[in-house]
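Next come the chains, spelled out residue by residue.
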Amino acid sequence: MNENEENTGAAEKAPAPDNKTENYEDSIEYLRAKYLGKGTIDHAKIDGGSRADGNGAADGAGFDDLDALRKKYGRGGASSRARDPLSLACDIILLCAVIVVALASVIWFAAPTTEVGGVVYKAGTQNIYSFFYGAENSVINQFKAAIDGASNIESDAADGVSSSVKVFRLAALAVAAVYAMINIIVRLIQAPIYFAQKSGVKLRMTATKAVINNIAVYVIFVFCGSVSGGVGEDAYYLGYSVGTGMTVGVILGLCMLVVAVIIGYIAHGKTASAADRLQMRRSIVSGACYSAIAVTLTFMRIYGVFMYALTSTLTAIAGAAIGSFRIKAFVFPLLNLLVFASCVTVYNRTARGFTGAFMYMLNLGNAKAFDVASPAKAKKMRKSHSLGFVPVIVMSALSAVAVLLLDVPAIGFGWSADILPHIVAIFAISSCGQICLGILFPSGAGGRKKSAKRVSEASESAAAESPETESAERAAAVENA
């Protein structure tokens, strides 16, 4: 074997050196293999073709084809689109949505609230800084006072327990504020950068997250951040509620997402495939239902349920430790834990489902936005997609059964929390959503097979991509049904 043959063999076996990257990226064979999953990347052949042909085209491919492929899948981002007038308008609206939601959350974050017997009293709305630290009655100042009360050894046991519960409640409110501040800062930094870089998919993800992530603040406030309990005229709520201005900002952000979806459909609806349009209808149903479930969760005050579960569990464990074990003593905390865990599961599913639905609607016809990085993630995506609203239906049904059992005096020991109407509403919304999905996909498993086939094709395409080209939105798309 002569020296030239040895060099040729080495080139076929060894990966290309870094300084030849531009040559490879100038080859249509490289782009087809890397971004379309067609064929394999033969560095020696590509490098030789690049030297032989000035424009890097192989197998007679014209420069126009290569240029079009590079514009669509090249360094601008595998999921980016050209900034035509409608796409520009869509990006501007999404950027405004991020800014509106962020400013509304900062300026009108929370309001001290007292509700007794259906009558609500609200003090002045606080901005996020005053709520967390700046005001005299800020969460941090209250937290310090509660810590001092809990550590006071001269107080009796009842005062110690009360102070400890207050510490937990204030800690939850502080977590909500910190979570909101971090998200606001991150989104305000990301959105202008993605807009300037014409990273359409990333901007869409940022805007969608800016809207749905605020639901976490509502949930923390009503789940475990403020004291609540009772039913009907005896119902009470003491603590904080999300400011009206922040709610208005979230609603405006949601409306802007819907407008962006409409613009995107006008721009790409005619060129979208029949499968894409079918999936669009499915996403509209999912987005509408998950939005309704999110609104229902914001009114669901289950602080009392959490405290029932916490205190009764500790009591049952203490009783078992001293030998007074009773099965009935564990039924009460288990039922409360089931209700609380179900509500948290529904919240997590709602956040993922909302994000997935709007990401698909905002990226209609842009299949590269939903590429997955591995077969394992593709399997997870197919499973999540095929389940639809089933997890929400199951968890809400279990919660309803648990609440009905707790209403029995012999089991609930005087348990009271006005959450059954909300659980029933969530069950009804998710059931209607699942029925609509069944109408859109009447073939059942056949419809899911089509979806699974598309995801599998996306997986094969993405498998040829190098790690540095994988975008953050792919991982997010995998998590969302």
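That block above? That's the structure.
Structure report, in brief. If you're wondering where the values come from, they're calculated on a predicted model, not measured in any experiment. (Residues numbered from 1 in each chain as written. Predicted model: local features only at pLDDT ≥ 70, side-chain atom pairs only at ≥ 80, totals over all residues. Heavy atoms only, no water.)

Below, the discussion takes up helix H10 (residues 200-212). With 13 residues, H10 ought to run about 18 Å at 1.5 Å a step, and its terminal C-alpha atoms sit 19 Å apart, in line with that. Most of H10 is tucked away, with 11 of its 13 residues classed as buried. (Helix = DSSP H or I, 4+ residues; strand = E, 2+ residues; numbered from the N terminus. Expected span 1.5 Å × (residues − 1). Buried < 20%, exposed > 50% of the residue type's maximum accessible area, 1.4 Å probe, protein only.)

Throughout the structure, instances matching the rule amount to 2 salt bridges. The closest approach of N and O atoms between Asp 91 and Arg 204, which form a salt bridge, is 3.2 Å. Residue Asp 91 is found in helix H6 (residues 85-107), and its partner Arg 204 is found in helix H10; the two are separated by 113 residues along the sequence. Grouping residues by exposure puts Asp 91 and Arg 204 together as buried. Among the ionic pairs, Glu 115 bridges to Arg 301, the shortest N-O distance being 2.5 Å. Residue Glu 115 is located in strand S1 (residues 110-116), and its partner Arg 301 is located in the loop between helix H13 (274-298) and helix H14 (303-321); the two are separated by 186 residues in the primary sequence. (Salt bridge = Lys/Arg side-chain N within 4 Å of Asp/Glu carboxyl O.)

Turning our attention to the packing of H13 against helix H15 (residues 327-362). It is the contact of H13 with H15, at a shortest axis distance of 8 Å, that shows an interaxial angle of 145°. Viewed along their axes, H13 and H15 form a crossing whose handedness is left-handed. Facing H13, whose interface residues are Asp 276, Gln 279, Met 280, Ser 283, Ile 284, Ser 286, Gly 287, Tyr 290, Ser 291, Ile 293, Ala 294 and Leu 297, H15 presents Cys 343, Val 346, Tyr 347, Arg 349, Thr 350, Gly 353, Phe 354, Ala 357, Phe 358, Tyr 360 and Met 361. Taken together, the residues that form the contact of H13 with H15 break down as 14 nonpolar, 7 polar and 2 charged. (Axes fitted to C-alpha atoms, helices over the stretch in contact; angles between N-to-C directions. Left-handed = near helix turned anticlockwise from the far one by under 90°. Contact = heavy atoms within 4.5 Å. Nonpolar A, V, L, I, M, F, W, Y, C, P; charged D, E, K, R; others polar.)

As for its placement among the helices and strands, Gln 126 is situated in the loop between strand S2 (119-122) and helix H7 (128-134). What makes Gln 126 buried here is its relative accessible area of 11%.

Moving on to the nonpolar core. The biggest cluster of nonpolar side chains holds 92 residues, and the ones touching the most others in it are Phe 109, Phe 131, Phe 221, Phe 223, Leu 297 and Ile 419. With 13 residues, H15 is the largest single contributor of residues to this core. Among residues more than four places away in sequence, those in contact with Phe 223 are Leu 297, Met 300, Ile 302, Tyr 303, Phe 306, Phe 340, Cys 343 and Val 344. (Core = buried A, V, L, I, M, F, W, Y, C linked by side-chain atoms within 4.5 Å.)

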